[in-house]
Protein chains: 2
Amino acid sequence: MTKKERFLAVSLKLINEKGFKATTIRDIASSLNCEVANIYNYIDSKQSLLETYLFGISNEFHSAVDTIIDSNISSEKKLRLIIRTHIDLMVKKPYELALLVNEWRNLKEPKLGTFVAERNTYEDKVKTVIKQGMEQGVFKVLDLEIATFTFLSTLRWLHDKNSEHPVQMNPIEIERQISTFVFSGISKK
Amino acid sequence: MTKKERFLAVSLKLINEKGFKATTIRDIASSLNCEVANIYNYIDSKQSLLETYLFGISNEFHSAVDTIIDSNISSEKKLRLIIRTHIDLMVKKPYELALLVNEWRNLKEPKLGTFVAERNTYEDKVKTVIKQGMEQGVFKVLDLEIATFTFLSTLRWLHDKNSEHPVQMNPIEIERQISTFVFSGISKK
DNA sequence: TATTTACGTGAACGTTTGTTCATGTAAATA
DNA sequence: TATTTACATGAACAAACGTTCACGTAAATA
């Protein structure tokens, strides 16, 4: 692990614990046992640090969902794979995922606009999958907006709870539980 | 509307747009067309302002859910009423609801601890309703943690989307859509 | 009328913030 | 060996922050 990688990891953890605005360069330097000025050997500015994290994880979601959409499988299977993608990223990159939820507001224009646009595009991709499922008679015909965002919010649970007391279950079992909820709801029969 | 009420409303809106840390006392004064020092005729500190908002809305959720739990109705009906409560609060107090989601991290100890405890208690109350439904054979027997937080995340959607482009539907229709999703999922039969 | 209360003002405070600077060292490269 | 590169240092900067101060005004209260 290079010095820069260690710096990136420590910063990410700190920003997650205290929030981006509350995490100072001096905090990071202190955790790293180095001088403040040293940080600027790794980055240009505190803002660019946040941008690196956010656009990095954003791209991961996009490339994953693109592969899913382009594949020749049923809408239900696509939705199932999207669930799986979110779970995998929660397990592999919990801190980056948390930033995506909590800290994107701290971006400044024009990066903020770019980020929001990317996120909207992601939501639209998911929406398309659900829409196709409805048209094919596989999914209930609900309000498309509400269905999509209720679905995405369900997946957001992954981050929230995992960040406070990490889930013990294995990813496959989590996927089974969430898929059950998403596809057939909470009512018995 | 008294001066203090106007101050509280303007602050709330600003904090929602820019975030608590990014909203300065000078921002608030500027929006209010008054001097900075004037703000301190209304509040003791910036922190106390956040505390007022957060514990206020937190109490509203608690008293609503307490009434629901104590009432002599089925588990399904209780869950339906909880959904309705969240929707009503989203419509009536969207800004406070957003703070509850986004800004609670900015509380400082010991208030932070109190808040987190209150929130956990709320989650436990919802969890109890779901647990009873499972025991009575009304709900599927899923992992209780996952079921509860997936459910709560579904309701969180209400805030997220409403804050960006407010939902046009009336509360009753929203409730119908979300209840369908929660109780019977997205799959057609 | 006298006095309290609510609201308003502008300057100043002490701290903390991100960032830069000039300078240094030790290792990799040429 | 000479020179570039990567990392390190401590002091300093200007800006922004929450908060306080002494003072002022006008209306409500006694």
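Residues numbered from 1 in each chain as written. Chains lettered and ligands numbered in written order. Predicted model: local features only at pLDDT ≥ 70, side-chain atom pairs only at ≥ 80, totals over all residues. Heavy atoms only, no water.

**What to know about the protein's contact with DNA strand C**
- Around DNA strand C sit 17 residues, and of these Thr24(A), Arg26(A), Tyr40(A), Lys46(A) and Ala37(B) come closest.
- Close to the protein, within 4 Å, the atoms of DNA strand C are drawn from sugar and phosphate at a rate of 54%.
- Note that a phosphate oxygen of DNA strand C is positioned 2.8 Å from one of the backbone N or O atoms of Lys46(A).
- One of the side-chain nitrogen or oxygen atoms of Asn38(B) is found 3.1 Å away from a sugar or linking oxygen of DNA strand C.
- When the residues that make up the surface near DNA strand C are grouped by side-chain class, the tally is seven nonpolar, five polar and five charged. (Near = heavy atom within 4 Å. Polar contact = N/O pair within 3.5 Å; in protein donor to acceptor, adjacent residues only side chain to side chain. Nonpolar A, V, L, I, M, F, W, Y, C, P; charged D, E, K, R; others polar.)

**Looking at the interface of chain B and chain A**
- Contacts between chain B and chain A engage 42 residues on the former and 42 residues on the latter.
- Summed over both partners, the interface of chain B with chain A comes to about 4,200 Å²; 58% of that surface belongs to carbon and sulfur atoms.
- Among the residues chain B hides against chain A, the three largest losses belong to Lys140(B), Phe181(B) and Ile186(B). Together they make up 17% of the total.
- Where chain B touches chain A, the interface holds 16 residue pairs in polar contact (both at pLDDT 80 or more).
- Among the elements of the structure, α6 (111-135), α7 (144-164) and α8 (171-184) of chain B are those that each provide at least two residues to the side of chain B that touches chain A.
- A per-class count over the side of chain B that touches chain A returns 18 nonpolar, twelve polar and twelve charged. (Contact = heavy atoms within 4.5 Å. Buried area = accessible area lost by both parts, 1.4 Å probe. Helix = DSSP H or I, 4+ residues; strand = E, 2+ residues; numbered from the N terminus.)

**Quick look at the protein's contact with DNA strand D**
- Contacts to DNA strand D come from 16 residues, most closely from Ala37(A), Thr24(B), Arg26(B), Tyr40(B) and Lys46(B).
- Each atom of DNA strand D within 4 Å of the protein belongs either to a base or to sugar and phosphate, the latter forming 53%.
- Between DNA strand D and the protein, one listed contact pairs a base nitrogen with a side-chain N or O atom of Asn41(A) at 3.4 Å.
- At 3.0 Å from a phosphate oxygen of DNA strand D is found a main-chain nitrogen or oxygen belonging to Ile25(B).
- Residue classes in the surface near DNA strand D are distributed as six nonpolar, five polar and five charged.

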